[in-house]
Every structure is written in structure tokens, then in C-alpha cells.
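Each chain is listed here by its residues.
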Amino acid sequence: MPKRKGLVRLQLSAALAIWAAASWGSPAAQAEETLNICHGGHPIMVASQKILDKWAKKESVKLTTTLIAYDVYVPKVTQMLTTGSAQCDIIWHNDDWGQLWQQYLVTTDDVAGIRNVAKQPLDAFWNDQHELTVIPMAHTVGTFFYRKDLISDAEVPKTFADMVQIGQKLQKEGKVKWGYVGGMSFNNTWFTLWWTMWNSGCDIFKPIYERDNKVLAANGWTSIIDQPCHQQIVDFWWDALHKDRIAPEATTTYGRNEANAIFMAGDAAMTVADSTFWGDYNDKNKSRAAGNIGMVPYPIGPGRSKPITWLDIWGWAIPKSVSPAHQALAKKLLGEMLTDEDGQVQMWNETGGPPPNVRVWDRLTASDPVFRKLKEVVFDQDHAHSAYYFANWPRVHKAYSDAAIKALTGKREDIPAVLKEGAKAVHDAAVAQ
Amino acid sequence: MMALCAKKSDRRYRWTDALAPGGRRALFLLATIAIVLLFLGPIVILVVTSLRPGWAVFYIYRGTDFTLQNYRDVLATEAVMHAFVNSFLVATLATIVSIGVTVSSGYMLSRFRGPIPRAWFGTIYVFRTVPYISWVLPLYLVCYHLGIYDTYAGILLPHIAVHICFFSWIMKGFFDGIDPSMEYAALIDGCTRWGAFLRVALPSAIPAIAALGILSWLYTWNEFLFALILTGHNTALITVTMAQFVTELGTAWNLMSAMAVMAMGPAIIITLFAQKYVVRGLRI
Amino acid sequence: MLLLIAPAGIVLVLFQIVPIVFGANASFRDWQLFNPAQTWVGLKHYLYILGDSTFLTIVLPNTFLLTFLSVTLSLIGGLALAHYLHRNFAGQWLMQTIILLPQMIAPVIGAMMMRWVFNDQFGVVAAFLDWVGFGPISWLAQRWPSFFIVILTDVWIWTPWFALILLAGLRSLPREPFEAAQIDAAGAWRTFTHLTLPMLRPVIAVCVLIRSIDAFRTFDVVWILTGGGPARSTEVFSIYTYVETFVNLDFGRGSAAAIIGALIILVVAGAMYKVAGRVADVAR
């Protein structure tokens, strides 16, 4: 019997260890004026938080950060919002999931400076009562980059056909390994398939460029990816990969990492990427193409006469589960961030994140040639949206990506059949549940 | 049948005989080289990656520039040392506590018959099969409602729950392989069941406990999913720090590889420390 | 006897069983993570998945193939390595550490590294093949090459796991039978098949059981290397669950998929274990 005691003691001590660990790891009592900001840790978010921090110090508020990895960001924050957790006072918000959280977020129409932002990108963030649920942090836009040392001003591609021609010419001359490189695997669809789709007068659902869910529903969420306007995009990329060979065959597997690695190693002449990569591409430590980067509006396909680009934002949002005092404080700080023109200029200089406040645009246009160029190739063009704003959007994106990649990795003559099947899959994804 | 076997072993004997001793040594050497290439090679690639400047982290074989900048950048990351301490504590505590609560349960599974061991084995088995990704979000809810989200307990206890199955089963396997007659002898000598376990079964299981300890320590040290969902900024772990280098706009692979190489340091130390118990075992 | 498992039991119930039951409840409901309405829909999700031809004709076969190949190859590799380590030679500790290296980096990092290593443009393998004169191969753009890389990576990560446990197994075996075999001049292969394997069988059985269950729900390696692509052709069951739960935020359907997969591996692995147990008993 005494031996039993040994066992009990062992297990008691295990329990004690757990209890000790539990009490030791508990957070210290939070001070009243601490706001916790939850985001994914991207440099632009860090820079925007720096502006907030500047104002927080003036209000003697302490800001803390919780980094939530991008891969689990949406499910984890969704779970936090639905359980009414007050863990995050301010969260990162993005147009891709703009609609999902509307009922859990504080409205932001009364935040200072909210009238001085671009209107179109806000489309993703209205709640059912047409109140805003976001405070813009920075714009996220895609841009066509090319190598100025390889492609002269006169040769800059205006159409998809120009792109193939100049790419092949450079490859033949041995100046560069690939004409074009861009991401295509799931969640990178914008940088190959989609920018060409929109610039060829096509879209995923009918009618094209429409984002009003009522109109899309009235059209039965009919996918047009099996229609000629889209089929020719897939044909174009099939040829680019397998026949014209201006892009690596494995492009179907590339994300931003692979595409940027190849472009920055100086192995490709053209790419499409987020505008914020301007800084990395021109950083001598990171890029062999530094100093030779040009930016132009998108080349266009047969279906359009002028370029069209997407214009969307990253933003901040405030959960309803946060105490009213913290909500007010968060709104105040975010308003100060939004009206802090110097702070936004600094964010642009440090990270290349285009400022949310349009007044800053005028100032930067006057003083900064890079911003002037960005404004010309992005902000002054026609605009589309880079996502659809409803709950089934991730499902639609995945179904689209699977169909397009299946078509591009298969035989060319099978493309119509694969896209027909894909159009059905995309429609089913849109009306699922 | 016997003749056939004898013939076979005869042939084998001659074959090794022809090789021995120089040939055998050559074979051993070849195996050693192959193992080093296969297991060390990829790690060398990772280490080289972490030493390359930004433009060469992917084309690691181009150019000859090397830099320590990636390590400096990682060390400048907020709370990175804190994360190392946290991960070390969590991995060590989870391993020790798991061993504490499950060595006996493995023994029970191996030596006792009846409804309780059977039910216990069945329970562990049934709930092991459900993938983590389907219950990590409810696990967040459990931790949240118990008030232990973002505390050490909130990450320790789920890890212990995962290890319980692993330990109990594999310990059962080991105890199954150990002849119980020695314990019966001890029982006859007047030991209690618990005494027989402590004096006879446990010592012979030391290699197993050490091996499982290493593997579960490494598992917790390197675990991403639970860490990402169940920790906030109080209990940041190294894998959470690594995950922040993956953003919507791509991966900072130079920083991630540097962080991964740094994270291997404590892992190697722990392994070196514990693996001598795996080898030593009964043959002290 | 209950006392032996009580602490382990409590942790298991709270941090594994409760979350799983919670998920099981969700699998019978229309439960989108962002939607507070969680209406009961009975077996709707189960029927959907069991009627989903992708799940039946691609996802399940892929999962079984991955499980079978990964477990078999790493078991064989692990047995070989355990034997390699189970001898006294200078530097044994060093080789043991080298063999354990794949377990010392997170599977997530290992998979990322493999993804770059096999890139057709900048990968080290591509550069080597190019140098040898094969030209670039788009490994990840087609089904079977990418499946091959998934298996290669998984085997690389898990072979050391088998090796360490089996080494511990070898070390805790009694010495006398082997000494007797030596006196009888039995060949190495004969000693292995007639002595080592039967004595290790309990350990091998639990190792295979636990690895099969874990391999069946392999997630991070596949997700990082191929994302289930190209076009879902390398999708395995945990990717199916992940996409539903974490990408589509459809917790109901994701949980149903998880439970279907869990039930399948429950039955398959259970049957396997029973058979292995019978074989082991006969062998003993």
C-alpha cells in the first residue's frame, strides 16, 4: 500500500505543475488605457500602427500587438468575433472578407477623415444598413512592372500580343530567360489569369464588373468562364506556357514567392505584382534588377480599348465586443491616423503602401515621381474590384482556380470542355448552402 | 525446409565472409555517406539559405555573397527571445508532464486485461483519428471559456492531451515486448505491483521513455497549428514568430530560414542530452 | 487501476474529447463560422460528401496511397537506420543526431524548403539536373511528380521517427537470445527475421498504427508543397477538411468531412492492428 503513495504523489505533482504553469502564464491585469491591435505583421500594418502609436502616446494610451498568422487569420478572428472575445480592440480588415464580419463590427461613418478616402474600395465594407465598418489603412493594387534596361519606351507592350512578341524577342536574343513571370497557384490568381481577364473585358460572373449581389443573383450567378471572352484568356496563357514559352511551364504552381524570386534574380523581363513590391524590386540587397524597374498601365486584350485595374484597400476595424470606452478610444486614434498626412507620407516612404487619405495623394503627386507614376498607372485608370463580396467568395475563387489550372495543365483541345465543367463548378460554389 | 534455410544462411555467410573485414567496413562507410547526404544535405541547404542576402535566398547556388544580416533582422524582431523561452518551457513541461501521467497508463494497457484498459485503449484510439484542423477551433472555445486562452496552461494542456495517446500506446508496445516473468519473480519476492513496475519494468523501459521524450519535445517545439490558434501575445512561441514571416504578400524566406536554423539549436542540445539514455538503456 | 489513468483521462476529455464532440455536433448543422444561425440539417453534409465524386475518386485514393507509401517506406528506412545505429562505433552519437535532424525542423519549414529545392527554375535539384543535362522538370505542375515529392518529403521527415523508436526497441530487448544465435552461427538476415522482427513486433505494431492514423490526416506537408493541386489532383482528406473549414469557413461541412475520414481510418487501422496482433501472437 505505501507504494501507491508514490504514484499518487507523482500525479499530484503533475497536477501542481500544470496549475503553477497556468497561474504563472496568466496575463497581468490590463491597464484601462491599453488597446490591443491584432494583425498579420506585414510591414505596411506595422507602419500604420506606428502612426497610431504616435497619437496613442499623446493620449497616454498604451498599444500592444498580437500577431495572428495570415494562414489562420480569418478563421481565428472570425471565431474571436463570434464568441464576443474582447481580445482585440482593433483588427486588420481586408476587402476579401469584407462582408463576413459586418454584424460584428462597429460602424465607422463618424471617424474623422473618413470622407477623404477613395469611395470605390469601400464597396466591400458596407453593412446591411449601409453603414461603413472599416477605416482604410492603405491601398492594395496590382501593377505591371517591366525591366527598363531591356524594354525601351517604344517597345513597352500595349497589348497581350505585344507582350508575347517582346518576350520572345528578348529570349531569342538571350537577354533574359523568361519574358513574363507571375503567380498563378491558388490565392495568386490575380497576377496572371485575372488581370488579363479584366483587361480583356471579361469577368467570372455575368454581367461583367458587376459587384452588386442583388444584380448578380438576378442573373442567377451565371459564370461566364466558359464563354469566348474567358476562353481566349485561358488559350492565351496555355500558349504562353506551352507554345510561345514566354513564361515557365510551372507557372501554374507559382505564388508570389516564386514569381518574385525569378523577377528579382533578373531572369524575367515583365511581371505583375502588388504595387508595394516597387521598393523590394529596387532594393539592391534584394534585387538584381534594382534601378531598372518601370511601371506602366496593363497591356490590353481583344475585348477592351483601354486598361482597367483593381483598386482595393486594407483597413482597420473595431469589434462590437470591445467595451464602449475602448471603441471610442480606438475610433479617436484611427481618426487621427487617417488625418495624419505626415504620418501617411512616412508610411509611403518606408513601405510603398499607398496612403488612404486622398489629400495626401495630391501632396505626393507634387513631390514624389514614383507616386506620380503609380497614380498614373493605377489611380487614374478605369477600376474593377478584385473580389466578389459575399460569403461564398473563397469557394468561388478555389473552384475558379482549380478549373483554370486544370485547363492549363491539360491538352489545349480539352480547354472548352474543362471550362464548361468549371463554369458549373463556379456557379455551384456561388450558390452553395 | 530446414535444409533450405540452412543453405540460405550458408550463402549469406559466404557472402559476408568474402567482404569481411575490409568489404564490410566499406559497406558501412558507404551507408554512412548516404545517410549524411540524405539527412544532413537538406539541412545544409537550409543553413546556406539563411546566410544568403535577399536576392539570393532562392537561387542559393548563384554568387558567393554571404551575410549574417538575416540573423540580425530576426534577433531584432519583437519578442523573439521571449518566444524562445516560452517554447522551451512549453515543450519541456509538456514532455515531462506527459511522461508523468502516461507511463503508468501504458503499463496498464500492456499488463492488465478487462473493461477499463479496453475502454481506455478504445478511447485513445477513437479520438486520435480525428484531424486536428477540425477540432482546433472548438479547442480555442474550450480554452477561452476556461479562461486559459493565451496562458501557458492553454497551450500546455492541449499538447499533453496529444502526447497522452502517443505515449500510452508506444509504452504499451514496449511493455508488451518485455517479458513479464521478471515482474512475477519480483511479486513473489514480496514486491507490490507498483514496486514491480518501478523496480523491474520501468528501468528496462528507459530507452523507450527517452526516445518518446525526444520525439514529443521536438513535436511541441515545432508545432504550428495549436500554437497559431491557441496563443496570443502573452505566450508567443517560436513557430508563431516564424509564421509572421508568411504574409498575404509572400514569405520572407530569408528570415524564416534563419529563424528555423536558430530554432534547431535548442533542439540539437535537447537531443544530444536525451539520446544517450536511448542508447544506454539496460546496458549501463 | 482507474487512478493510473485519471489525470491523463481528465486532460484528454477536456482538451480532446470535448472539442471533438463539439465539432461532431456542428457536422449535423449548417454552421458557417461567421453565421450565428446554426440550424440542424441532419445528415445533409454527410450525404453531400459521400456523393462528391472528387472526394470518392481522388481524395480518398490519394489519402490511402499517401498513407500506405509513407508508412511503409519510413518503416523500412527506420528499421534499417535503427540497425545501423544499433552497434558501437566512434561517432555513433553524431550519426544518431544527424539522422534525427529532419525531426528537429518543423514539418512546415521542411516542406517549404522542399518546395524551393524542387522548383523548376531556381531549385537546387533543377540546377543539378540542368548541369547534368536533363533540362528543367516542372515537378509540381503534374500530378504524379508532385505526389512523388509529397511522399519523399513525408518519408524524409518520418523515417527518423521510426528509427529512434525502433532503436529504443532494439536497445531494450534482452541480450541472451542474440548471444545464443551467435553461438549457433546464424546469419545476420536470419537473426533479423527470426529473432529481431518477432521480438520487436509489439513496438512495430503500435508504431505503424499510430503513424498510419497520423499519415492518414497529413496536412501541412501536402498543403505547402502542392496545396492539393494541380487542380485537386493531389488532394488528401485533411486538405478537403481544411479548405471547407479554414478557407470556406464552412465548419459544418468541414467537420462532417473530418468525421467521415476519422471513421474510415478507425476501421482500417483497427482491422490492421487486429491482424497484426494475431500474427504477433502466432509468432510468439
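The rules behind these values
Residues numbered from 1 in each chain as written. Chains lettered and ligands numbered in written order. Predicted model: local features only at pLDDT ≥ 70, side-chain atom pairs only at ≥ 80, totals over all residues. Helix = DSSP H or I, 4+ residues; strand = E, 2+ residues; numbered from the N terminus. Rg over C-alpha atoms; globule rule 2.2 N^0.38 Å. Buried ≥ 20, exposed ≤ 12 C-beta atoms within 10 Å, placed from the backbone. Pairing = 2+ DSSP bridges. Axes fitted to C-alpha atoms, helices over the stretch in contact; angles between N-to-C directions. Contact = placed C-beta atoms within 7 Å. Parallel < 35°, antiparallel > 145°, perpendicular 65-115°, else oblique. Left-handed = near helix turned anticlockwise from the far one by under 90°. Arc of directions from axis to C-beta. Nonpolar A, V, L, I, M, F, W, Y, C, P; charged D, E, K, R; others polar. pLDDT = per-residue confidence, 0-100. Domains from an automatic or database assignment.

Student: Break down the overall build of chain B for me, with residues and values.
Tutor: Each helix and strand counted, chain B has 13 helices and two strands in total. Relative to the 2.2 N^0.38 estimate, which gives 19 Å for 284 residues, the radius of gyration of chain B is 24 Å and therefore markedly larger than a compact globule would have. Considered along the principal axes of its C-alpha atoms, chain B spans approximately 65 × 60 × 35 Å. Burial analysis of chain B (284 residues in total) assigns 54% to the buried set.

Student: Before we move on, can you summarise the sheet that holds strand E4 (residues 135-140) of chain A with the specific residues and values?
Tutor: All names here are of chain A. Taking strand neighbours across the sheet as the criterion, the five strands line up as E2-E1-E3-E10-E4 in an open arrangement whose pairing is mixed. Whereas interior strands pair on both sides, the edge strands pair on one side only; in this sheet they are strand E2 (62-67) and E4. On average, each strand axis in the sheet is tilted by 25 degrees relative to the strand beside it, whichever way the strands run. This element, helix H2 (residues 43-58), spans strand E1 (34-39), E2, strand E3 (90-94), E4 and strand E10 (312-317) of the sheet and lies at about 160 degrees to E2.

Student: Please provide a residue-by-residue account of the packing of H2 of chain A against helix H11 (residues 341-351) of chain A, values included.
Tutor: Residues and elements named next belong to chain A. Two numbers describe how H2 lies on H11: the axes approach to 10 Å, and their chain directions differ by 155 degrees. Viewed along their axes, H2 and H11 adopt a mutual orientation that is roughly antiparallel. For H2 against H11, the interelement crossing comes out right-handed. Across the interface between the two elements, Pro43, Ile44, Ala47, Ser48, Ile51 and Lys54 from H2 touch Gly343, Met347, Glu350 and Thr351 from H11.

Student: Describe helix H13 (residues 369-379) of chain A, and please don't skip the residues or the numbers.
Tutor: All names here are of chain A. Those residues of H13 not exposed but buried are Phe371, Leu374, Val377 and Val378. For H13, the buried positions fall inside an angular range of 135 degrees around the axis, keeping them on one side. In this structure, the buried side of H13 is in contact with strand E5 (142-147), strand E8 (293-296), strand E9 (308-310), H11 and helix H12 (358-367).

Student: Talk me through the pairing of E5 of chain A; I want residue IDs and the actual numbers.
Tutor: All names here are of chain A. With six of its six residues buried, E5 lies for the most part within the structure. Burial along E5 is two-sided: Gly142, Phe144 and Tyr146 facing one way and Thr143, Phe145 and Arg147 facing the other are all buried. Where E5 and strand E7 (residues 268-274) come together, five bridges link them in antiparallel fashion. From the neighbouring strand, phenylalanine 145 faces E7, where its bridge partner is threonine 271. As paired elements, E5 and E8 share four bridges and run antiparallel to each other. Bridge pairing in E8 places tyrosine 146 opposite glycine 294.

Student: Could you give an account of the interface of chain B and chain A, naming the residues involved and the relevant values?
Tutor: Between chain B and chain A, the contact holds 40 residues from the first and 44 residues from the second. If you list the elements that add at least two residues to the side of chain B that touches chain A, you get helix H4 (80-111), helix H6 (132-145), helix H7 (152-177), helix H9 (193-204), helix H11 (225-230), helix H12 (238-243), strand E1 (246-247) and strand E2 (250-251) of chain B. A class-by-class count of the residues in the side of chain B that touches chain A yields 24 nonpolar, 14 polar and two charged.

Student: I'd love a proper account of the interface of chain C and chain B, names of residues and values included.
Tutor: Chain C puts 80 residues into the contact, and the matching count from chain B is 77 residues. Contributions of two or more residues to the side of chain C that touches chain B are made by helix H1 (2-26), helix H4 (92-104), helix H5 (107-117), helix H6 (124-132), helix H7 (143-171), helix H9 (188-216), helix H11 (237-247) and helix H12 (251-283) of chain C. Its residues placed into classes, the side of chain C that touches chain B shows 62 nonpolar, 14 polar and four charged.

Student: Would you mind going over the confidence of the model for chain B in detail, with residue names and values included?
Tutor: Any segment with low pLDDT has predicted coordinates that should not be analysed in fine detail. Residues and elements named next belong to chain B. Scored by pLDDT, chain B has a mean of 83; 91% of the residues are at 70 or more. The weakest mean pLDDT in chain B belongs to helix H1 (residues 2-19) at 42; the strongest belongs to helix H10 (residues 206-221) at 91. Across residues 1-16, confidence stays below pLDDT 50; counting only partners more than four residues off in sequence or on other chains, it has eight contacts.

Student: Can you explain the domain arrangement of chain A? Please cite residues and give values.
Tutor: Interface size is commonly expressed as the accessible area that is lost once the parts come together. Residue and element names in this part refer to chain A. By the assigned domains, chain A splits into domain 1 (34-140 + 312-381) and domain 2 (145-310 + 391-430). On a C-alpha basis, the centres of domain 1 and domain 2 stand 29 Å from each other. On the side of domain 2, 15 residues touch domain 1, which itself brings 17 residues to the contact. Per-element accounting of the side of domain 1 that touches domain 2 gives the leading share, five residues, to H13. Residue composition of the side of domain 1 that touches domain 2, by class: seven nonpolar, six polar and four charged.

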